[in-house]
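# Structural overview for review
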Amino acid sequence: MKFTIQVNEGPYQHQSSDSAYHFAKSVLEKGHEIFRIFFYHDGVNNGTRLTTPPQDDRNIVNRWSDLAQQHNLDLVVCVAAAQRRGIVDEGEAKRNKKDATNIAQGFRISGLGQLVEGAIQSDRLVVFGD
Amino acid sequence: MSQTKKFLYVNRKAPYGTIYAWESLEVVLIGAAFEQDVSLAFIDDGVYQLVKGQDTSGIGMKNFSPTYAALGDYEVRKIYVEKESLEARGLSLDDLQHLVYEDEEEDWAEKDSIMLVSRAEMAEVMAEQDVLFNF
């Protein structure tokens, strides 16, 4: 089965991104396919490489990056939500004249159309949020 | 992408306490370009999103409620509002914006977009869908 996963909450504050990660991992272990993982609302904060959790805690951002690399996943951060919350890649930094970037490895910034396309192309859209 | 799916956007939260309502509306507007069979549902505190006469000047936030009136132009013609949620909050249809769309098959006659449904009927609406977006 083909899945698109939507993550609506930021890391650490809510369990949603943990649950989404465990779900994604299980989906792949069971031999299913993930078409895309889309980060929306505060979920875009899953995609900043500047996160520094205590060493004895899980690193939610790196965990996503590693999973993306292992399984060639498409991790998409919503551009409108990212602009509001300061998640920036090279293109966005140039366009909005920002002096830094913070997008984590394996993530890309794109539009809401990517979420809608994911819902159309997948057998299931699974939403993690409040 | 030739398939058409039944999309239901479920709105559950009050409009300004969190950003879910506004960012949900952004998905609906962008999603309109994909020409799917779109419906919106308003349940729980989500019914407050449609209340008419909203004034946000006191909280310094953008009043996005006029955007709902444009949904008809985006081919969003089915807006389900749950009766029990309205009643629990002391609201009735008269407290909500009058949302309409133009029916091209009847000489562009204006028709009501909002349908008041019971909780049980809302469950049926949800069961008919291919995709549920939850906000």
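Before reading on, note that the structure itself is shown above.
Residues numbered from 1 in each chain as written. Chains lettered and ligands numbered in written order. Predicted model: local features only at pLDDT ≥ 70, side-chain atom pairs only at ≥ 80, totals over all residues.

## Digging into the overall build of chain A
Regarding its fold elements, chain A presents five helices and five strands. The order of helices and strands in chain A, counted from the N terminus, is β-α-β-α-β-α-α-β-α-β. The C-alpha radius of gyration of chain A comes to 14 Å, within 12% of the 14 Å expected for a compact globule of 130 residues. Seen through its principal axes, chain A has C-alpha atoms that stretch 40 × 40 × 30 Å. Burial statistics for chain A: of 130 residues in total, 45% are counted as buried. Contacts in chain A between residues at least 24 apart in sequence constitute 75% of all its contacts with a sequence separation of at least 6. (Helix = DSSP H or I, 4+ residues; strand = E, 2+ residues; numbered from the N terminus. Rg over C-alpha atoms; globule rule 2.2 N^0.38 Å. Buried ≥ 20, exposed ≤ 12 C-beta atoms within 10 Å, placed from the backbone. Contact = placed C-beta atoms within 7 Å.)

## Overview of the overall build of chain B
Of the regular secondary structure elements, chain B holds three helices and seven strands. When the helices and strands of chain B are placed in sequence order, the string is β-α-β-β-α-β-β-β-α-β. A compact globule built from 135 residues should have a C-alpha radius of gyration of about 14 Å, and chain B, at 15 Å, falls within 12% of that. Principal-axis analysis of the C-alpha atoms places the extent of chain B at approximately 45 × 30 × 30 Å.

## Focus: the interface of chain B and chain A
At the interface, 16 residues of chain B touch 14 residues of chain A. The set of elements that each furnish at least two residues to the side of chain B that touches chain A consists of α1 (20-31) and β7 (131-134) of chain B. Broken down by element, the side of chain B that touches chain A gets its largest block of residues, six residues, from α1 of chain B. Of the residues belonging to the side of chain B that touches chain A, the class tally is nine nonpolar, four polar and three charged. (Nonpolar A, V, L, I, M, F, W, Y, C, P; charged D, E, K, R; others polar.)

## Re the sheet that holds strand β1 (residues 2-7) of chain A
As a general point, the strands of a sheet are linked pairwise by backbone hydrogen bonds and lie either parallel or antiparallel. All names here are of chain A. One open sheet holds the five strands; their spatial order is β4-β3-β2-β1-β5, and the pairing between them is parallel. Pairing within the sheet leaves two strands with one partner each, and these edge strands are β4 (107-110) and β5 (124-128). Taking each pair of neighbouring strands and ignoring which way they run, the sheet shows an average axis angle of 25°. Two elements, β1 and β5, share five bridges in a ladder whose sense is parallel. Within β5, the residue paired with Q6 across the bridge is V127. Sheet strands touched by helix α1 (residues 16-29): β1, β2 (33-39) and β5. Its angle to β1, the strand with the most contacts, is close to 170°. (Pairing = 2+ DSSP bridges. Axes fitted to C-alpha atoms, helices over the stretch in contact; angles between N-to-C directions.)

## Observations regarding the environment of A123 of chain B
Looking at where A123 of chain B falls in the secondary structure, it is placed in helix α3 (residues 119-127). Sequence-wise, A123 of chain B and V100 of chain B are 23 residues apart; in three dimensions their C-alpha atoms are separated by 24 Å.

## Some words on the nonpolar core
Counting residues in hydrophobic clusters, the biggest one holds 68 residues, and the most contacted among them are V77 and C78 of chain A together with Y9 and A41 of chain B. The residues touching C78 of chain A, leaving out its near neighbours within four places in the chain, are F38, F39, Y40, V44 and L112 of chain A. (Core = buried A, V, L, I, M, F, W, Y, C linked by C-beta atoms within 7 Å.)

## Section: α1 of chain B
Taking 1.5 Å of rise per residue, 12 residues should cover 16 Å, and α1 of chain B covers 16 Å from first to last C-alpha, within 8% of that figure. Regarding α1 of chain B, the residues found buried are Y20, A21, S24, L25, V27, V28 and G31 of chain B. Here the buried residues of α1 of chain B occupy an arc of 155° about the axis, which is enough to place them on one side. On the buried face of α1 of chain B, the contacting elements are α5 (113-121) of chain A together with β1 (6-11), β2 (37-42) and β7 of chain B. (Expected span 1.5 Å × (residues − 1). Arc of directions from axis to C-beta.)

## A few points about the sheet that holds β2 of chain B
Residues and elements named next belong to chain B. Ordered in space as β6-β3-β2-β1-β7, the five strands form an open sheet in which the pairing is parallel. Two strands lie at the open edges of the sheet, namely β6 (114-117) and β7, each paired on one side alone. Pairwise comparison of adjacent strand axes, ignoring direction, gives a mean angle of 25° for this sheet. For β1 and β7, the ladder comprises four bridges, and the chain directions are parallel. In the strand pairing of β7, V10 is matched with N134. Here α3 sits on the sheet and contacts β1, β2, β3 (78-82), β6 and β7; the angle it forms with β3, its principal contact strand, is near 140°.

## Observations regarding helix α2 (residues 60-71) of chain A
Residue and element names in this part refer to chain A. Counted at 1.5 Å a residue, the expected span for α2 with its 12 residues is 16 Å, and the 17 Å between its end C-alpha atoms agrees. Of the residues making up α2, those classed as buried are V61, W64, S65 and A68. For α2, the arc enclosing every buried residue in end-on projection is 95°, short of the 170-degree limit, so these residues lie on one face.

## Section: the pairing of β1 of chain B
Here is the key point about a regular strand: its side chains alternate between the two faces of the sheet. Residue and element names in this part refer to chain B. Counting buried positions along β1 gives five out of six residues, so the element sits mostly inside the fold. Here β1 pairs with β2 via six bridges, running parallel. Residue Y9 lies in a different strand from β2, and its bridge partner there is L40.

None of this, on its own, says anything about what the molecule does.
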